[in-house]
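# Geometric and topological summary
Spelled out from the first residue to the last, the chains are:
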Amino acid sequence: MPSRRSFLQTIAAATLPLPVLSNLSYCNTQVHEGEPVLRVAIMGLGGYGNMVARAMKDCKLAKLTGVISGTPSKIKTWQQEYNIPDKNCYNYENFDAIKNNPDIDAVYVITPNALHHDQVIRVANAGKHVICEKPMAINAKEGQEMVDACRKANVKLLVGYRMHFEAKTLEVIRMRNAGEFGKILFFQGLCGFEIGDPKQWRLNKELSGGGSLMDIGIYAINGSRYMVGEDPVWVTAEETKTNHEKFKEGVDETIQFQFGFPGGAVASCLSTYAMNNLDKFFLNGTNGFAEMQPSTNYGPIQGRTHKGELTQPHITHQTVQMEEMSRILLQGKKPIVPVDGEEAVKDLKLIDAIYLATQTGKKIPVSL
Ligand code: NAD
């Protein structure tokens, strides 16, 4: 079937332009209009893995070339859908052998949160770049170990922070950097949905590492940093539960948290598994505001500032993310907002501090 892929040619890296060549460690790669194509294996063929794979069909600079799954029937379906040869299919026992597979440049880990740590380290030790879903790990210590392992193995580690590539979000960041809101003094991030099946891994602390904060509250945590443009220096937090049956010990239902920033700004956020349609960012400075609702769902994101509506076009988030991650991994491009493992460790330090604050009732100083 003719597709965009048919425009891709396999050529020797020696014909690539010099800046590309200098960052490219592969002797044979595909290129599209002079840019190398990232060949990706997805680990974890669940809900979000499927969404990423579908979105990658529209990518020019990223291509799905492999899968890692514990379910042979899923592998078969994906092989047919994405034309993946047997030699690029792995399970959770044998995927270290990906080390010897020249068809795969990077592995995208899209499994339950608590599994990311070991899986990312194994991929790094196999010498492949890693993209890992959020939350990168279940605490800052594990996150730092992942960063260290990737550094030691000389591979890059990126995290699936898709909003860092979203056009309206980037416009608000541009306006803030240009001083259009004046001095930033307040951010509000509200993130939640009503979670269903009580048996799912998201409500099992062993696999999720926590509750709504890990899963959806992380958007407000990360968002407060890219919207305010600073890293918090203190955290306070309070937890409430309306359903103790569904939300067991260590699985948070609703947490309110507050951050203080070095420039004097404060953030007030809510993370919950008890309310639908909660997806709002609000940023206010001395001269203006930005308001986004929805602010982090799959879009289209909608928003306005004191200057009017945000009109940047919607493109499927995961398509843009994978195009840009290809440039970051293969060409050394610097994103406007970082998406690397160090960035994720900062969010994990804040998650640790929020949980500590809910347990102690104290204001927790943080240093990111
Ligand atoms: P999911 O339950 O739909 O899929 C998880 C996959 O992992 C399944 O295919 C499952 O078979 C596999 N798996 C492997 N080992 C497992 C084990 N021991 N127990 C349970 N499942 C196991 O979950 P999902 O929604 O695809 O979430 C996966 C990851 O992606 C999570 O870290 C989540 O936070 C993240 N995510 C990110 C976004 C985003 O917008 N960036 C959206 C959804 C999910």
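Below, the structure is looked at part by part. (Residues numbered from 1 in each chain as written. Predicted model: local features only at pLDDT ≥ 70, side-chain atom pairs only at ≥ 80, totals over all residues. Heavy atoms only, no water.)

## Thoughts on the environment of Gly332
One can find Gly332 in the loop between helix 9 (317-331) and helix 10 (341-360). You can call Gly332 partly exposed: its relative accessible area is 32%. The spacing of Gly332 and Lys156 is 176 residues in sequence and 10.0 Å in space, taken between C-alpha atoms. (Helix = DSSP H or I, 4+ residues; strand = E, 2+ residues; numbered from the N terminus. Buried < 20%, exposed > 50% of the residue type's maximum accessible area, 1.4 Å probe, protein only.)

## Digging into the side chain of His117
With respect to the helices, strands and loops of the structure, His117 is situated in helix 4 (residues 116-125). If we ignore the near neighbours within four places in the chain, the residues touching His117 are Glu142, Glu145 and Met146. (Contact = heavy atoms within 4.5 Å.)

## Some points on the site of the ligand
In the vicinity of the ligand there are 23 residues, among which Gly47, Asn113, Lys134, Arg162 and Trp201 approach most closely. Within the backbone of Gly47, one N or O atom sits 2.7 Å away from an oxygen atom of the ligand. At a separation of 2.7 Å, an oxygen atom of the ligand approaches a polar side-chain atom of Arg162. Starting from 830 Å² of accessible surface for the ligand in isolation, the protein chains cover 78%. Among the elements of the structure, helix 2 (47-56) and helix 8 (212-228) are those that each provide at least two residues to the shell around the ligand. Here the shell around the ligand is composed, by residue class, of 11 nonpolar, six polar and six charged. Residue-level mapping places the shell around the ligand at the junction of two domains, with at least three residues from each of domain 1 (4-162) and domain 2 (163-313 + 341-365). (Near = heavy atom within 4 Å. Polar contact = N/O pair within 3.5 Å; in protein donor to acceptor, adjacent residues only side chain to side chain. Areas by Shrake-Rupley, 256 points an atom, 1.4 Å probe, with all protein chains shown as cover. Nonpolar A, V, L, I, M, F, W, Y, C, P; charged D, E, K, R; others polar. Domains from an automatic or database assignment.)

## Details of the packing of aromatic side chains
Scanning the model with the defined rule gives nine aromatic pairs in all. Taking the centre distance of 6.3 Å and the plane angle of 25° together, the rings of Phe247 and Tyr273 count as stacked. Linking Phe247 in the loop between strand 11 (234-240) and strand 12 (254-260) with Tyr273 in the loop between strand 13 (266-272) and strand 14 (278-285), this pair joins segments that are 26 residues apart in sequence. For the residue pair Phe247 and Tyr273, the accessibility class agrees, reading buried in each case. Here the aromatic rings of Phe257 and Phe259 are separated by 5.2 Å at their centres, their planes lie at 45°, and the arrangement is tilted. Neither Phe257 nor Phe259 differs from the other in exposure class; each is buried. A network of ring pairs unites the aromatic residues Phe187, Tyr226 and Phe281 as a single cluster. Sitting over the face of the ring of Trp234, Lys363 holds its NZ or CZ atom 4.3 Å from the ring centroid. (Phe/Tyr/Trp six-rings, centres within 6.5 Å; stacked < 30°, edge-to-face > 60°. Lys NZ or Arg CZ within 6 Å of the ring centre and 35° of its normal.)

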